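Residue strings, one per chain:
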Amino acid sequence: MKAIVFAYHDMGCAGLKALIEAGIEVLAVFTHPDVVGENHFHGSVALAAEQQGIAVYMPEDVNLAASTGQIQAFAPDLIFCFSYRQILNEQILRSAKSGAFNVHASLLPAYRGRAHLNWVLIKGETVTGVTLHRMIGSPDTGPILAQQRVAITAEDDAYSLHCKLVSTAGIQLARWLPSLLAGELIERQQDESQASRFGQRKPEDGQINWADSAMNIHNLVRALADPWPGAFTFAGVQRFIVWKSRFRAERSDDSAATVISTNPLVIACGEGQLEIVSAQMTDGECLSGAEFSHTMALTSGQVLSLAR
């Protein structure tokens, strides 16, 4: 069987590796150039493909006639998509004689769309997973062929969960692909009553609202931890990032955003308290909460900015 692969990031590297090990001939890989200024902590699909002697293409818009025609000319049996950022048009999807398939890092139909890794943490979920589904015109809505659950622990942050999901996808694809090729996977339609989609996130969406509950703020910190841009707030005009936090259920008579103590560094929230375990000025080094409060000359009773 011959395939065209649309892939990016670590999930793309794991997917490409699984296809090759399953004996699928990859005719070409379509990927994205790394964006200048982004944190490129992830593996390179382009490099992984080139090392296997596979042709690599990086069109600005894969759905334009030139790229669509090129893909159709390959006449692939299969198309696979792993963390590719563009929606593939109907002509591309129909060019694969045996179908087009995507691996999505959530338990569809929940958390369709972008930033699902971050959203499951923001929403306080305790389980997510990976889904293999058939691609149709509407993204992330096609029939499901296989799923694997992944537990989210209280210690997980965005990076640890990312690693779990990539590892799980690689392991499961080694099991799913032979069954897919043999026609043994049974498709089931997604339950639209269980569907959710929260949308793409931007770095500025990471501002902390201290009027929110401490648990919600803690989940935001976890969801945006390094190498993501981080949850941030202000002390006066000084912007700083909270990299790690600890939820405290104790109630406080202080108003939200008030510094309750500086060692440890604890902030009053709309409900409960948040201990800042580590933080960093935009142009400074990451410090423990106590070191940071000393460097910033924070004092008990001082009020941080609720929002800007």
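Scroll up to find the structure this text is about.
Reading the values: the criteria
- Residue indices begin from 1 for each chain and proceed along its sequence in written order.
- In view of the model being predicted, local features appear only for residues whose pLDDT reaches at least 70, and side-chain atom pairs are presented and counted only at 80 or more, with totals across whole chains, interfaces and linings using the full set of residues.
- Computation of side-chain values: all heavy atoms of the structure, hydrogens and water removed.
- Strands are runs of DSSP state E lasting at least two residues, helices are runs of H or I lasting at least four, and both sets are numbered from the N terminus onward.
- Each residue gets one of three labels from its accessible area relative to the maximum for its type: buried under 20%, exposed over 50%, partly exposed in between, using a 1.4 Å probe on protein chains only.
- Paired strands are those between which DSSP finds at least two bridges.
- All axes are obtained by fitting lines to C-alpha atoms, using only the stretch in contact for helices, and the reported angles, taken between N-to-C directions, cover 0 to 180 degrees.
- Note on contacts: a residue pair qualifies if any of its non-hydrogen atoms lie within 4.5 Å across the two residues.

1. Side note on the overall build of the chain
Along its length, the chain carries 8 helices and 13 strands. For the chain, the C-alpha atoms occupy an extent of roughly 65 × 40 × 30 Å along the three principal directions. Within the chain, the fraction of its 308 residues that count as buried is 52%.

2. Quick notes on the sheet that holds strand β7 (residues 144-151)
Read from one edge to the other, the open sheet built from 7 strands follows the order β3-β2-β1-β4-β5-β6-β7, with strand pairing classed as mixed. Taken across any chain shown, the strands that pair with only one partner, and hence form the sheet edges, are β3 (55-57) and β7. Strand-to-strand twist of the sheet, defined as the mean angle between neighbouring strand axes without regard to direction, takes the value 20°. With 5 bridges joining them, strand β1 (residues 2-7) and strand β4 (residues 78-82) adopt parallel strand pairing. Across the sheet, A3 pairs through a bridge with L78, a residue of β4. Relative to the sheet, helix α1 (residues 9-21) contacts β1, β2 (25-30), β4 and β5 (100-104), its axis offset from that of β4 by approximately 150°. Strands β4, β5, β6 (127-134) and β7 of the sheet are contacted by helix α6 (residues 158-181), whose axis makes an angle of about 150° with β7.

3. Points about unusual backbone geometry
Going from D226 to P227, the amide bond is cis rather than trans, its omega being 15°. Mapped onto the elements of the fold, P227 is located in the loop between α7 (214-223) and β8 (231-235). Here the residue pair N263 and P264 is connected by a cis peptide bond, since its omega of 5° sits within 30 degrees of zero. Mapped onto the elements, P264 comes out in the loop between β10 (259-262) and β11 (265-268). With a phi close to 60°, A115 is a non-glycine residue in the positive phi region. Relative to the assigned elements, A115 resides in the loop between β5 and α5 (116-122).

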